[in-house]
Amino acid sequence: MTDIQTMDSGTRRKTELRCFVLLAVVLAPVLTVALVGGLGFSIWIYQMFAGPPGPPM
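Rules and cut-offs
- Residues numbered from 1 in each chain as written.
- Predicted model: local features only at pLDDT ≥ 70, side-chain atom pairs only at ≥ 80, totals over all residues.
- Heavy atoms only, no water.
- Helix = DSSP H or I, 4+ residues; strand = E, 2+ residues; numbered from the N terminus.
- Rg over C-alpha atoms; globule rule 2.2 N^0.38 Å.
- Buried < 20%, exposed > 50% of the residue type's maximum accessible area, 1.4 Å probe, protein only.
- Areas by Shrake-Rupley, 256 points an atom, 1.4 Å probe, with all protein chains shown as cover.
- Phe/Tyr/Trp six-rings, centres within 6.5 Å; stacked < 30°, edge-to-face > 60°.

**Side note on the overall build of the protein**
Thinking step 1. For the protein, the count of helices and strands is 1 helix and 0 strands.
Thinking step 2. Against the compact-globule benchmark of 10 Å for 57 residues, the protein has a radius of gyration of 22 Å, which places it well outside the compact range.
Thinking step 3. Structurally, the protein occupies a C-alpha span of about 70 × 20 × 10 Å along its principal axes.
Thinking step 4. Out of the 57 residues belonging to the protein, those deemed buried represent 2%.
Thinking step 5. On the protein, roughly 5,400 Å² of surface is accessible, and the fraction owed to carbon and sulfur atoms is 72%.

**Some words on the packing of aromatic side chains**
Thinking step 1. With the rule as written, the count across this model stands at 1 aromatic pair.
Thinking step 2. Here F41 and W44 contribute two aromatic rings whose centre-to-centre distance is 5.7 Å and whose plane-to-plane angle is 50°, an arrangement assigned as tilted. Placement of the pair is F41 and W44 together in helix α1 (residues 9-50), with a separation of 3 residues, close to one helical turn.

These values are about where atoms sit, not about what they do.
Structure below.
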């Protein structure tokens, strides 16, 4: 791997842009969908055992 201090400004700019695109466009949406899906799945599993929310009948 190339040390970031020894890169010229053009190469460093391309590397930083590539990292930003990876984080902002790819990683953030994937993690968001995974977290929201995991929370929904865990609530669904909980309600299978505990019953739906609301007052008991």
